[in-house]
Amino acid sequence: MNRLNLITLGTKDIVKSHNFFMELGFDTSIRGSESNPFIIFFRNEGTRIALYPLKELAKDVNKDNPPTISNGFSGITLAYVAKSVEEVDDVLEKAVLAGGKLQKEPKRTDWGGYGGYFTDLDGYYWEVAYAEDWEFDESNMLVINDQ
């Protein structure tokens, strides 16, 4: 079990969230109708993302005793690794224009990179970051080199 294939985000309004991510440039595949999707898969490079109704996701975890849904920080962040400082700024700007909320202005980081954070319509925290020494493979997956 040495891979992560799909991250599913529970969403309060799947149609609005879908539109938000479409404005950010994600290519998606809808199961169900466009006005009433059952699940939305992203045809993105790297680890796949899916949107699923939050209450249904909680029931999927445990139908008889679903976990409590809260609006607080879950301790999970998602990351988009950019290929330049300019791309970090562009992605954060697009996220805000699409309805996201800037949580941390982009700036030089303690670890030598450059990045910032936004939250999407459901409050998930997304880091957008760049570092000169990060590399990508032929599938646009981040390469983690041992040092």
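Computed from a predicted model, the values in this text were never measured in an experiment. Positions within a chain are numbered from 1, following the residues in the order the chain's sequence is written. Residue-level local features of this predicted model are given only where pLDDT is at least 70; pairs of side-chain atoms are given and counted only at 80 or more, and the full residue set underlies all totals for whole chains, interfaces and linings. As a convention, hydrogens and water are excluded, and side-chain values are obtained from all of the structure's heavy atoms.

J.: Quick question: what am I supposed to make of the sheet that holds strand β6 (residues 101-108) here?
T.: The strands that make up a sheet are held in pairs by hydrogen bonds between backbone atoms, and each pair lies either parallel or antiparallel. Two strands pair under a simple rule: DSSP has to find at least two bridges between them. Numbered from the N terminus, helices here are DSSP runs of H or I no shorter than four residues, and strands are runs of E no shorter than two. Strand order in the open sheet made by the four strands is β5-β8-β7-β6, with mixed pairing throughout. Among the strands making up the open sheet, the edge pair consists of β5 (77-81) and β6. Pairwise comparison of adjacent strand axes, ignoring direction, gives a mean angle of 15° for this sheet. Where β5 lies against strand β8 (residues 125-130), five bridges are found, and the strand directions are parallel. Across the sheet, the residue bridging to Leu78 is Trp126, located in β8. Contacts are residue-level and defined by heavy atoms, with any inter-residue pair within 4.5 Å sufficient. In this description, a line fitted to the C-alpha atoms serves as the axis of each element, helices being fitted only across the stretch in contact, and the angle between N-to-C directions of two axes falls anywhere from 0 to 180 degrees. Sheet strands in contact with helix α3 (residues 85-97) are β5, β6, β7 (114-119) and β8, and its direction is about 10° off that of β7.

J.: Would you mind showing me how to read the pattern of salt bridges here?
T.: Note that side chains of opposite charge can pair when their charged atoms are close. A pairing counts as a salt bridge when a side-chain nitrogen of Lys or Arg comes within 4 Å of a carboxyl oxygen of Asp or Glu. Enumeration over the complete set of coordinates arrives at two salt bridges. In this structure, Asp27 engages Arg43 in a salt bridge whose closest nitrogen and oxygen atoms are separated by 2.9 Å. Of this pair, Asp27 sits in the loop between α1 (14-23) and β2 (28-32) while Arg43 is found in the loop between β3 (37-42) and β4 (48-53), placing the two residues 16 residues apart along the sequence. For Asp27, a relative accessible area of 40% translates into the label partly exposed. Across the salt bridge formed by Lys59 and Glu56, the nearest N and O atoms sit 3.4 Å from each other. In this pair, Lys59 and Glu56 are both assigned in helix α2 (residues 54-61), three residues apart and thus about one turn of the helix distant. Burial classification: accessible surface area is computed with a 1.4 Å probe over protein chains only, and a residue below 20% of its type maximum counts as buried, one above 50% as exposed, and the rest as partly exposed.

J.: For this particular structure, what's the right way to read the layout of surface pockets?
T.: In this approach, a probe sized like a water molecule rolls over the atoms, and the result shows the empty space that is left. Quantified by volume, the largest pocket comes out at close to 900 Å³. Lining the largest pocket are 27 residues, with Asn44, Glu45, Ala79, Tyr80 and Val81 sitting closest to its centre. When contributions to the lining of the largest pocket are tallied by element, the ones reaching two or more residues are β4, β5 and α3. Here the lining of the largest pocket gets five residues from one element, more than from any other, and that element is β5. Of the residues contributing to the lining of the largest pocket, the split by class is 15 nonpolar, six polar and six charged. The way it works is a 1 Å grid over only the protein atoms, where trapped points that fit a 1.4 Å probe form a cavity and open points with protein on both sides within 12 Å along at least five of seven lines form a pocket, and then any residue with an atom within 4 Å of a point lines it. Grid points are joined across faces, edges and corners, and a volume is the space filled by probe spheres set on the points. Each residue is assigned to one of three groups, with Ala, Val, Leu, Ile, Met, Phe, Trp, Tyr, Cys and Pro labelled nonpolar, Asp, Glu, Lys and Arg labelled charged, and all others, Gly among them, labelled polar.

J.: Before we go on, may I ask you to explain the sheet that holds strand β1 (residues 6-11) in this structure?
T.: In space, the four strands of this open sheet follow the order β1-β4-β3-β2, with mixed pairing throughout. The open sheet is flanked by β1 and β2, the only strands paired with a single partner. In this sheet, adjacent strand axes meet at a mean angle of 20° when their direction is disregarded. For β3 and β4, the ladder comprises two bridges, and the chain directions are antiparallel. Bridge pairing in β4 places Ile40 opposite Leu51. Contacts between α1 and the sheet are confined to β1, β2, β3 and β4, with β3 contributing the most and set at about 20° to the helix.

J.: Which parts of the structure should I look at to understand the packing of aromatic side chains?
T.: Note on aromatic pairs: each is described by the distance of the centres and the angle between the planes. Ring pairs are drawn from Phe, Tyr and Trp, using the six-membered ring of Trp, whenever the two centres fall within 6.5 Å, and their geometry is named by plane angle: stacked under 30 degrees, edge-to-face over 60, tilted for the rest. Considering all chains together, one arrives at 10 aromatic pairs under this definition. Between the aromatic rings of Phe20 and Phe21, the centroid separation amounts to 5.0 Å while the plane-to-plane angle is 80°, which identifies the pairing as edge-to-face. Summarising the burial analysis for this pair, Phe20 and Phe21 share the class buried. Seen in terms of ring centroids, Trp111 and Trp134 are 5.2 Å apart; in terms of plane orientation they differ by 20°. Their pairing is stacked. With Trp111 in the loop between β6 and β7 and Trp134 in the loop between β8 and β9 (135-136), this pair connects stretches of sequence that are 23 residues apart. Judged by relative accessible area, which is 43%, Trp111 ranks as partly exposed. For Trp134, a relative accessible area of 29% corresponds to the partly exposed category. Any Lys NZ or Arg CZ that is within 6 Å of a ring centre and within 35 degrees of that ring's normal is treated as a charge sitting over the ring. Lys83 extends its terminal NZ or CZ atom over the ring of Phe136, reaching a point 4.7 Å from the ring centre.

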